[in-house]
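Spelled out, the chains give:
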Amino acid sequence: MRCSSVCADKYTFPSLVKVCARELAVREGGVVHGLIVRCGVGEDVFVGSSLVDFYGKCREIECARKVFDEMSVRNEVSYTAMIVGYANVGDFEKAVGLFEEMPRRNVGSWNVMINVFVRLGDLGSARKLFDLMPERNVISFTTLIDVYAKSGDMASARFLFDQSESKDVVLWSAMITGYTENGQPNEAVQLFTDLREHNVKPDKYVIVSLMSACSQVGSLELAKWADSYVNVSQSSLDLRRPHVVAALVEK
């Protein structure tokens, strides 16, 4: 594009910076940042937010904060990207402080902070923040359900699961895996049946949990049924994955 003398603009750079962030390409991202400055689009809020996100994901937190502080206009995306950056380097105190400074918050901002408290091991604060959210999405529910399940509190996990109006396969998987890992295979199998009745297509993680549940139950009939289901579904499931093969062998 540059060789063709086509000028990049504020719509071009965020996508390019996003690619650098995904690949953790610090050097290339720095070059793009230089081009942004030379093209005079650094003041754009979306360009600035993409740079904050890039430096944060690359753990260049001082560079991220410098870009953030130099932004004349900041939005929820800018703040959230900076909070994620602090969380990535383990500076949870600054992440919490910046969240409290935010003039406006969106559901993504709330979800990020819930995850920060989860990483801190402060489930009480995470739940308190969840209850304060003006709106929640499936990520909000999945984050807390997963941590409740990992701590063995399946009653709280199930309560939140039943509250969620929107359930994707990741949410179902978190719940089924929780039952399986906490020695409640019958509940896991029943939830898998419910998943199918809701026409949700299971992924390989659900199948692995189902296999483990069948092994715990010790039912040959149930094991054969699960094996039949896997054979029917094998076109959409990668059965060569080590953890899937291991689950089949165990079953």
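Note that the coordinates shown come from a computational prediction; the quantities given were computed from them, not determined experimentally. Throughout this description, residue numbers start from 1 for each chain and increase along the sequence as written. Under the rules for a predicted model, residues below a pLDDT of 70 receive no local features and side-chain atom pairs below 80 are neither given nor counted, while totals for whole chains, interfaces and linings still include all residues. To get the side-chain values, take all heavy atoms of the structure and skip hydrogens and water.

Visitor: Just give me the short version of the overall build of the chain, but keep the residues and values in it.
Guide: Starting at the N terminus, helices and strands are each numbered in turn, a helix being any DSSP run of H or I of at least four residues and a strand any DSSP run of E of at least two. Helix and strand counts for the chain come out as 15 helices and zero strands. Across its three principal directions, the C-alpha atoms of the chain cover 70 × 45 × 30 Å. Buried, partly exposed and exposed residues are distinguished by accessible area as a fraction of the type maximum, computed with a 1.4 Å probe on protein chains only: under 20%, between the cut-offs, and over 50%, respectively. Counting the 251 residues in the chain, one finds 45% classified as buried. Summarising the internal contacts of the chain: among those between residues at least 6 apart in sequence, 55% fall at separations of at least 24. Each accessible area is a Shrake-Rupley estimate made with a 1.4 Å probe; only the visible protein chains count as cover when residues are assessed. For the chain, the accessible area works out to roughly 13,600 Å², and carbon and sulfur atoms hold 51% of it. The chain carries 28 positive and 32 negative side-chain charges, and their two centres are separated by 4 Å. In this analysis, two residues are considered to be in contact whenever any of their non-hydrogen atoms come within 4.5 Å of each other. Charged-residue counts in this description rest on Lys and Arg as positive and Asp and Glu as negative, His and the chain ends being excluded. Charge placement uses NZ in Lys and CZ in Arg. For Asp and Glu, CG and CD serve respectively.

Visitor: Just give me the short version of the packing of helix α1 (residues 13-23) against helix α2 (residues 26-39), but keep the residues and values in it.
Guide: The geometry of α1 relative to α2 is characterised by a closest axis approach of 9 Å and an angle of 165° between their N-to-C directions. The angle between α1 and α2 falls in the class roughly antiparallel. Between α1 and α2 lies a crossing whose hand is left-handed. Residues Phe 13, Leu 16, Val 17 and Cys 20 of α1 pack against Glu 28, Gly 29, Val 32, Leu 35, Ile 36 and Cys 39 of α2. Helix axes are fitted to C-alpha atoms over the stretch in contact, other axes to C-alpha atoms as well, and angles between N-to-C directions run from 0 to 180 degrees. With respect to orientation, any angle under 35 degrees is reported as roughly parallel, any angle over 145 as roughly antiparallel, any angle of 65 to 115 as roughly perpendicular, and every other angle as oblique. We call a crossing left-handed when the near helix sits turned anticlockwise from the far one by less than a right angle, and right-handed when that turn is clockwise.

Visitor: If you had to explain the nonpolar core to someone new, which residues and values would you point to?
Guide: In this structure, Ile 36, Met 82, Ile 83, Met 113, Leu 144, Ile 145 and Met 175 are the most contacted members of the largest nonpolar core, which totals 78 residues. When near neighbours in sequence (up to four residues on either side) are disregarded, Met 82 contacts Val 52, Ile 61, Ala 64, Arg 65, Phe 68 and Leu 98. Residues enter a nonpolar core if they are buried and are Ala, Val, Leu, Ile, Met, Phe, Trp, Tyr or Cys, with the set joined through side-chain atoms within 4.5 Å.

Visitor: Talk me through the side chain of Ser 49; I want residue IDs and the actual numbers.
Guide: Inspection of the secondary structure assignment puts Ser 49 in helix α3 (residues 45-57). Classification of Ser 49 by relative accessible area gives buried; the value is 4%. Pairs of N or O atoms are called polar contacts if they sit within 3.5 Å, as long as, within protein, a hydrogen donor faces a hydrogen acceptor (for residues adjacent in sequence, only side-chain-to-side-chain pairs). Within the structure, Ser 49 has its side chain in polar contact with the side chain of Ser 78 (distance 2.7 Å). Those residues in contact with Ser 49 that sit more than four places away from it in its chain are Met 71, Asn 75, Val 77, Ser 78 and Ala 81.

Visitor: Describe in detail the pattern of salt bridges, supporting the description with residues and values.
Guide: We define a salt bridge as a contact between a side-chain nitrogen of Lys or Arg and a carboxyl oxygen of Asp or Glu at a distance within 4 Å. Inspection of the entire model under this criterion finds 10 salt bridges. One salt bridge connects Asp 69 with Arg 65, and the closest N-O pair in it is separated by 2.9 Å. Residue Asp 69 and its partner Arg 65 are both found in helix α4 (residues 61-70); the two are separated by four residues, about one turn of the helix. The residue Lys 94 makes a salt bridge to Asp 91 at a minimum N-O spacing of 4.0 Å. You can call Lys 94 partly exposed: its relative accessible area is 47%.

Visitor: Any details on the UniProt feature "repeat: PPR" (unreviewed entry) in the chain? Residues and values, ideally.
Guide: UniProt positions are given in the numbering used here, feature names are shortened, and annotations may be inferred rather than shown by experiment. Under the UniProt annotation, "repeat: PPR" (unreviewed entry) lies at residues 75-109 and 168-202. Summarising residues 75-109: 74% helix, 0% strand, and an end-to-end C-alpha distance of 11 Å. The straight-line gap between the two end C-alpha atoms of residues 168-202 is 10 Å; of that span, 74% is helix and 0% is strand.

Visitor: Run through the environment of Phe 161, naming residues and quoting values.
Guide: The topology assignment puts Phe 161 in helix α10 (residues 154-163). For the pair Phe 161 and Trp 172, spaced 11 residues apart in sequence, the C-alpha to C-alpha distance is 8.4 Å. What Phe 161 contacts, discounting residues up to four positions off in sequence, is Ile 145, Lys 167, Leu 171, Trp 172, Met 175 and Leu 191.

Visitor: I'd love a proper account of the packing of helix α7 (residues 107-120) against helix α8 (residues 123-132), names of residues and values included.
Guide: Contact geometry of α7 with α8 gives a least axis separation of 8 Å together with a crossing angle of 165°. With respect to α8, the element α7 is oriented roughly antiparallel. Crossing hand, α7 versus α8: left-handed. Every residue of α8 that contacts α7 at Trp 110, Met 113, Ile 114, Phe 117 and Val 118 is listed here: Ser 125, Ala 126, Leu 129, Phe 130 and Leu 132. Residues were grouped as follows: Ala, Val, Leu, Ile, Met, Phe, Trp, Tyr, Cys and Pro as nonpolar; Asp, Glu, Lys and Arg as charged; and all remaining residues, including Gly, as polar. In terms of residue class, the contact of α7 with α8 is made up of nine nonpolar, one polar and no charged.

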